[in-house]
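This is what each chain is made of:
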Amino acid sequence: YRRNKGHLLAGNNLAWLMAQEMQDVHEAYRILQEIRQGKHRLKPMPGDQLPPDVLDTFGPVYLKLNKPELGNERVELFEAAYRRYANNPRIAYHLGLAFGSVRDSRRAVQALLAARTLLIKSNLPADMQKQLNEQIQLAMREVENSNKP
């Protein structure tokens, strides 16, 4: 990746490894931002121009960073992605978490319910469906708890 900065696949794989295996989410985020910027762009790529695998790396990185100041960036990224990948339950899930990060509980619940509905119709392997369903349920509980006084 160092020889070819901004390379989408190599950068995504490196960012995933940094976040998941090395527990360095700050470096993972930096790499993802580099990918998003690309070599010849003036502005970062919106979510609808990124492949789902890259968006699937962004989701956990945002979650682990836990930086409220990135909430609007996160919403913008996943709203654009959801417009393109409206049938992808993982993107709907990440969008729900993004809305939750900016305290928009109503839209968070809508996106998480959409993720659950899409998951039922999806062709994801059973183990991935089970894992995503558990993540959606956990996120729903967190949104509900954040609404309690």
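Residues numbered from 1 in each chain as written. Predicted model: local features only at pLDDT ≥ 70, side-chain atom pairs only at ≥ 80, totals over all residues. Heavy atoms only, no water.

**Student:** Go over the nonpolar core with me, naming the residues and quoting the values.
**Tutor:** By size, the foremost hydrophobic cluster in this structure holds 41 residues, and its most contacted members are Leu55, Phe58, Phe78, Tyr93 and Ile136. Only α1 (8-20), α2 (25-37), α3 (52-65), α4 (71-84), α5 (89-101), α6 (105-121) and α7 (126-146) provide two or more residues apiece to this core. No other element matches α5, which puts seven residues into this core. Beyond its immediate chain neighbours, meaning those up to four positions away, Phe78 contacts Leu55, Phe58, Gly59, Tyr62, Ile91, His94, Leu95 and Ala98. (Core = buried A, V, L, I, M, F, W, Y, C linked by side-chain atoms within 4.5 Å. Buried < 20%, exposed > 50% of the residue type's maximum accessible area, 1.4 Å probe, protein only. Helix = DSSP H or I, 4+ residues; strand = E, 2+ residues; numbered from the N terminus. Contact = heavy atoms within 4.5 Å.)

**Student:** Before we move on, could you go through the packing of α3 against α4 and cite the residues and values that matter?
**Tutor:** Relative to each other, α3 and α4 sit at 155°, their axes nearing to 11 Å. Taken together, α3 and α4 sit at an angle that is classed as roughly antiparallel. Crossing handedness for the pair α3 and α4: left-handed. Contact residues: α3 offers Leu55, Phe58, Gly59, Tyr62 and Leu63, while α4 offers Glu73, Arg74, Leu77, Phe78 and Ala81. Tallied by class, the residues present in the contact of α3 with α4 amount to seven nonpolar, one polar and two charged. (Axes fitted to C-alpha atoms, helices over the stretch in contact; angles between N-to-C directions. Parallel < 35°, antiparallel > 145°, perpendicular 65-115°, else oblique. Left-handed = near helix turned anticlockwise from the far one by under 90°. Nonpolar A, V, L, I, M, F, W, Y, C, P; charged D, E, K, R; others polar.)

**Student:** An account of the side chain of Arg36 is requested, with residue identities and associated values reported.
**Tutor:** You can see Arg36 is positioned in helix α2. Summary of buried charges: Arg36 has no salt-bridge partner, and the nearest side chain of opposite charge, Glu73, is 4.3 Å away. At 2.7 Å, the side chain of Arg36 and the backbone oxygen of Met45 are in polar contact. Ignoring anything within four residues of it in the chain, the contact list for Arg36 reads Arg41, Pro44, Met45, Pro46, Leu50, Phe58, Tyr62, Glu73 and Leu77. (Lys, Arg positive; Asp, Glu negative; His and termini not counted. Salt bridge = Lys/Arg side-chain N within 4 Å of Asp/Glu carboxyl O. Polar contact = N/O pair within 3.5 Å; in protein donor to acceptor, adjacent residues only side chain to side chain.)

**Student:** Go over the environment of Glu34 with me, naming the residues and quoting the values.
**Tutor:** When you line up the elements, Glu34 lands in helix α2. With a relative accessible area of 21%, Glu34 lands in the partly exposed category. Residues Glu34 and Gly11 lie 23 residues apart in sequence; the distance between their C-alpha atoms is 8.2 Å.

**Student:** Talk me through the pattern of salt bridges; I want residue IDs and the actual numbers.
**Tutor:** Summed over all chains, the structure comprises six salt bridges. When the shortest N-O distance is used, the salt bridge between Arg107 and Glu79 registers 2.6 Å. Placement of Arg107 in helix α6 and of Glu79 in helix α4 is noted, with a sequence separation of 28 residues between them. When its relative accessible area of 27% is taken as the criterion, Glu79 is described as partly exposed. Lys130 serves as the salt-bridge partner of Glu134, at 2.9 Å between the closest nitrogen and oxygen. One end of the pair, Glu134, and the other, Lys130, are both in helix α7, four residues apart, so they sit about a helical turn from each other. Salt bridges sharing partners connect three or more residues here, namely Glu27, Arg30 and Glu34.

Function-wise, these values are silent; they only describe arrangement.
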